[in-house]
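# Secondary and tertiary structure notes
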Amino acid sequence: MMIRQLARHSSRFNGILLAAVFTLGLPLTGMAAQEQDMTQIHITMGGTPGAEFSAQWRITHNDETINHPETRGTVPAEFTFEGTTLEGTVKLLSEDDRLDVDILKGNNRSRSSTQGKGGTLTVTVR
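Another point: the packing of aromatic side chains. Tallied over the full model, the rule gives two aromatic pairs. Centroid distance W57 to F79: 6.0 Å. Interplanar angle 55 degrees. Geometry classified as tilted. Of the two residues, W57 sits in strand β2 (residues 52-61) while F79 sits in strand β4 (residues 77-82), which places them 22 residues apart along the sequence. Under the relative-accessibility criterion, W57 is labelled buried at 1%.

Structure follows, in structure tokens:
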């Protein structure tokens, strides 16, 4: 009889321990998602539909920098990168058009625009 009581107590203890592990694991999952939001960089290119642009993106993440050239893009366009820092140069290639660049990283947003062929934007997001 004593062995059955011990087994029942052990089973109840394991259930409580398991519930505690799952409960404690949830905040860690939430923090990982929040950390990802702070390293995801989303760029939206807007303005005059069909406007042509070139862009040179430099993304730094974990002390590694990678270049992402876009030699001839067309509005509208979107880019998403994983990184802690973005440096970019964007040049409008078409006449009489407008180019809007919207960059979102975590809760930070940067908006820039230029108009006319050759208009150049230099952006940095940390």
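The strands making up a sheet associate through hydrogen bonds between their backbones, and the pairing can be parallel or antiparallel. Read from one edge to the other, the open sheet built from four strands follows the order β3-β2-β5-β8, with strand pairing classed as antiparallel. Two strands lie at the open edges of the sheet, namely β3 (64-74) and β8 (120-125), each paired on one side alone. Each neighbouring strand pair of the sheet contributes to a mean axis angle of 10 degrees, computed without reference to strand direction. Examined bridge by bridge, β2 and β3 share nine bridges and lie antiparallel to one another. The partner of T60 across the bridge, within β3, is T65.

Rules used throughout
Residues numbered from 1 in each chain as written. Predicted model: local features only at pLDDT ≥ 70, side-chain atom pairs only at ≥ 80, totals over all residues. Heavy atoms only, no water. Phe/Tyr/Trp six-rings, centres within 6.5 Å; stacked < 30°, edge-to-face > 60°. Helix = DSSP H or I, 4+ residues; strand = E, 2+ residues; numbered from the N terminus. Buried < 20%, exposed > 50% of the residue type's maximum accessible area, 1.4 Å probe, protein only. Pairing = 2+ DSSP bridges. Axes fitted to C-alpha atoms, helices over the stretch in contact; angles between N-to-C directions.

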